Structure formats: C-alpha cells, structure tokens
Amino acid sequence: MSGIWAKYNALLEAQPLLTKALTSLTGFTIGDILAQNFVNNDGKPYDLMRTVRLGSFGFLIHGTTGHYFYGMLDSKLPGTKPQTVATKVLIDQTIWNPIFGLMFFGYLNVVEGKSFQEYTNKIKADLKTAVMGSWAVWVPAHTINFAFIPPSQRLLYINSIQIGYNVFLSFLGNKKVESEEEKKEL
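The notes below deal with the structure included here. Everything numeric here is computed off the predicted structure, so don't read it as measured data.

Looking at the element boundaries, Q162 is found in helix α6 (residues 154-173). For Q162, the residues in contact, after removing those within four places along its chain, are F28, H62, F100, W138 and L169.

Now the structure itself:
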C-alpha cells in the first residue's frame, strides 16, 4: 500500500493537474456506479453512458477547476488558524458550491444534448437542493480539509468523500424535471 501511495504522490508532484483530474474521474465514476447499482430503484438497466458522462465531468471539470480553485484559495488564505479555516469554508460553500452546481448541471445538460430551457428548469428545480444538501457534507469535511490536509492532498481527500456525495449528485443530476408544459397539464 505504501508503494501505491508513493507512486500517487510522485505523480501528484510531477503532473498535479492530470493526477487530480484522474482522481476526480475515479471518484465520479465510482459514485455513479454505486448510485445506479444501490440507490436508484427505477428498474432501469445499468446505463454505461451515464457513468461515462459523470466520469468525464470529474476528469474535465471537477479535477481541473478544483486544482485551480483550491490552489487560489490556499494562496490567498494561507494557514490553518480557525478564522482562516472558517473563511475558506464560507467561501467554498457560498461562492464555489453554487458555481460548481451550475457547472455540474450545465455539463450534463450539454453532453445529454438538452436545451438551454431544460438547463434553466433543472437549475430552478435542483440547484437549491444540491447547494443545501452539500452543506451537510462539505461544511464539516472542508473544516477538516482546510485545517489538517496538506494542500497537495486536498483534491484526493475531497474525492474520497466525493464518492459518497456523488451518489447524491448522480441521483440529482439524472432526476427528471417536469417542463413548464407538463406542469400546466397537471
């Protein structure tokens, strides 16, 4: 196990962006596999393309933006004093969290070929749930993250927790939203 950890750290040192993107790919892929196999009770067969969409979001968006966002946050607010940690958590949850939600739902919307109206319907229906649901997980997780986890390991730590949270995101991201016409018909 120490050999794997040493290789991971060597990759993180040599190619931090790629390593974090691959780590996020893994976390989002595992999260969706778990969601489809153990959470969704819709009777539908396993959807490989859904997993590919979630994994690609992890690779292309989550890992890369997380690398830059948390790097910027650590450079502007260095240290682990309680006030610094609280400020980082506050920024993460009030600014980054909604932006992340917009990116998540937007990415899925684009790769699924949906319209801008479907995107706005999804945001209206589920962004608040995603942001508020995030608070239960990420406020305590990021308090630990910013206080105790070395900056180079932050995305790995986040992704280890993200696997469980991704079950929630996968469910929410793939939940059907009624269109305005469907609502009027009811």
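So, on to helix α5 (residues 116-148). In this model, α5 (33 residues) spans only 41 Å end to end at C-alpha, well below the 48 Å of a helix rising 1.5 Å per residue. Maximal helix bending in α5 amounts to about 45°, located at D126.

With that settled, the discussion passes to the packing of aromatic side chains. All chains considered together, the criterion is met by 12 aromatic pairs. Ring geometry for Y70 versus F146: centroids 6.1 Å apart, planes at 45°, classification tilted. Residue Y70 is located in helix α3 (residues 48-76), and its partner F146 is located in helix α5; the two are separated by 76 residues in the primary sequence. In terms of burial, Y70 and F146 fall into one category: buried. Three or more aromatic residues joined by ring pairs make a cluster, and in this case those are F28, F57, F100, F104, F105 and Y107.

Criteria and cut-off values
- Residues numbered from 1 in each chain as written.
- Predicted model: local features only at pLDDT ≥ 70, side-chain atom pairs only at ≥ 80, totals over all residues.
- Heavy atoms only, no water.
- Helix = DSSP H or I, 4+ residues; strand = E, 2+ residues; numbered from the N terminus.
- Contact = heavy atoms within 4.5 Å.
- Expected span 1.5 Å × (residues − 1).
- Bend = angle between axes of the 7 residues up to and from the residue.
- Phe/Tyr/Trp six-rings, centres within 6.5 Å; stacked < 30°, edge-to-face > 60°.
- Buried < 20%, exposed > 50% of the residue type's maximum accessible area, 1.4 Å probe, protein only.

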